[in-house]
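Structural overview
Each chain is listed here by its residues.
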Amino acid sequence: MISYMLTGQRFPTKEHKKLRCFAHQALRFQKSVDVTGDAVALTPWLRFLAPKLTGFVDLMESTAFMLKYMEDAVKEHKNTYSEDDMRDFIDRYIQEKRNNPDSSFTDEQLNVVGVDYLFPASTTVTATLTFATAFLLNYPYVQVKMQEELDAVIGRDRLPTLDDRINLPYCEAVLRETMRKETLVPLSVVHRATEDTKLGDYDIPKDTAVITNLWSFHNDKEFWGDPEVFRPERFLDEDGNLLKKDFSLPFGVGKRVCAGETFARQYMFLLFTSIMQSFNIKCAPGTLPPIPKADSPGIIATKRGFWTRFEPRT
Ligand code: HEM
């Protein structure tokens, strides 16, 4: 989806090899660093001592793959560019550069922005919906409540749209609780103080690496009461409406939060509710519900694959 919005390129089913290769590189990137952004981010000289062990080689090679993907797409767009037919993000970027000579936009920036979006878009949404599936297998009553809400608000004759989101508070609460209970980016992304500053009682000198512990806040007993329990109702008031403020922070905190938040929330809502409207999610024959916990290393918390049965609803 993001590839289509950025570059106009889709991966049709017959090109599954290309898609596999793309997914492999995205996964390689995500696993090349741990939740701290890795030892290499905090102590960059380590890459000279142990380039493979520290994940540096994987990081560089997977980034080079995505950069090449973007560079090829940009080249192709420049050859076929037409002011009357804006196809995607790349076209708009080229347009801004051509029509505004003082623009700060550069080709290098365009390629890097593309890479910045391609990596998270290829992993985060799938990882979150995998956790949501694992939770539903463990708490079947949540699935029933979602389907009751979907049947009452939308029925079965059409698919959910973004306009329905406001009328499906329970479905929304299930997604929010999934992202709170399993914090996808537990330590967010490492930042660096650009000047001497103060945070609460702490002095933070310029250039200090600052790590936001989102996991810790999502599991704070004082704030949530029972953070260890999967309970979508915590995001709802007594009338079943979404609380005015969502206090969870899966997309980070501060000015520089996730740039894909709106896209991710909307995309996950559409995918998840469309599946729930038409299918019952069941354990595969002979299997137990998977433990809904991250069990695979990487900068984002992911769960290894498990078999599931999607049974069409009658
Ligand atoms: C469930 C899905 C997602 C979660 C939980 C998530 C979470 C995060 C977090 C915690 C950060 C770090 C924020 C910080 O530095 O404080 C981040 C950064 C970022 N995310 Fe996401 N993300 C998700 C999906 C996406 C998607 C789908 C895209 C692209 C379409 C995306 C693009 C980005 C980008 C570009 C940044 C870097 C922003 C910057 O440094 O300015 N994310 N994300």
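Everything that follows concerns the structure shown earlier in this document.
As a convention, each chain's residues are numbered from 1 in the sequence order in which they are written. Local features in a predicted model are, by the rule used here, given only for residues with pLDDT of at least 70; side-chain atom pairs are given and counted only at 80 or more, and totals for whole chains, interfaces and linings are based on all residues. Only hydrogens and water are removed before side-chain values are computed, so all heavy atoms of the structure are retained for them.

The rule is short: rings of Phe, Tyr and Trp, with Trp giving its six-membered ring, pair when the centres are within 6.5 Å, and they are stacked under 30 degrees, edge-to-face over 60, tilted in between. Applying the stated criterion across every chain yields a total of 15 aromatic pairs. Note on phenylalanine 135 and phenylalanine 230: the rings are 4.2 Å apart at their centroids and 10° apart in plane angle, and the pair reads as stacked. Of this pair, phenylalanine 135 sits in helix α7 (residues 107–138) while phenylalanine 230 sits in the loop between α11 (221–224) and α12 (261–278); the two residues are 95 residues apart in sequence, bridging distant segments of the chain. Among the aromatic side chains, those forming a connected cluster through ring pairs are Phe217, Phe223, Trp224, Phe235 and Phe247. Only when the NZ atom of a Lys or the CZ atom of an Arg is both within 6 Å of the ring centre and within 35 degrees of the ring normal do we say a charge sits over the ring. A cation sits over an aromatic face here: arginine 10 above tyrosine 4, 3.8 Å from the ring centre. Going along the chain from the N terminus, every DSSP run of H or I of four or more residues is numbered as a helix, and every run of E of two or more is numbered as a strand.

Another point: the coordination of the iron atom of the ligand. You will see that the iron atom of the ligand has only one donor from the protein, Cys258 (SG), lying 2.3 Å away. Mapped onto the elements, cysteine 258 comes out in the loop between α11 and α12. Donor selection uses N, O and S atoms within 2.8 Å of the metal (3.2 Å for Na, K and Ca). Since no water is included, sites may look incomplete.

What follows covers the site of the ligand. Any residue with a heavy atom positioned within 4 Å of a molecule or strand is treated as near that molecule or strand. Of all residues adjacent to the ligand, which total 23 residues, the nearest are Thr124, Ser188, His191, Arg256 and Cys258. Pairs of N or O atoms within 3.5 Å make up the polar contacts considered here, provided that, within protein, one atom can donate a hydrogen while the other can accept it, and that residues adjacent in sequence are counted only when both atoms are side-chain atoms. At 3.1 Å, a side-chain N or O of serine 188 approaches an oxygen atom of the ligand. Secondary-structure elements contributing two or more residues to the shell around the ligand are α7 and α12. Three residue categories are used. Nonpolar comprises Ala, Val, Leu, Ile, Met, Phe, Trp, Tyr, Cys and Pro, charged comprises Asp, Glu, Lys and Arg, and polar comprises the others, including Gly. When its residues are assigned to classes, the shell around the ligand shows 15 nonpolar, six polar and two charged.

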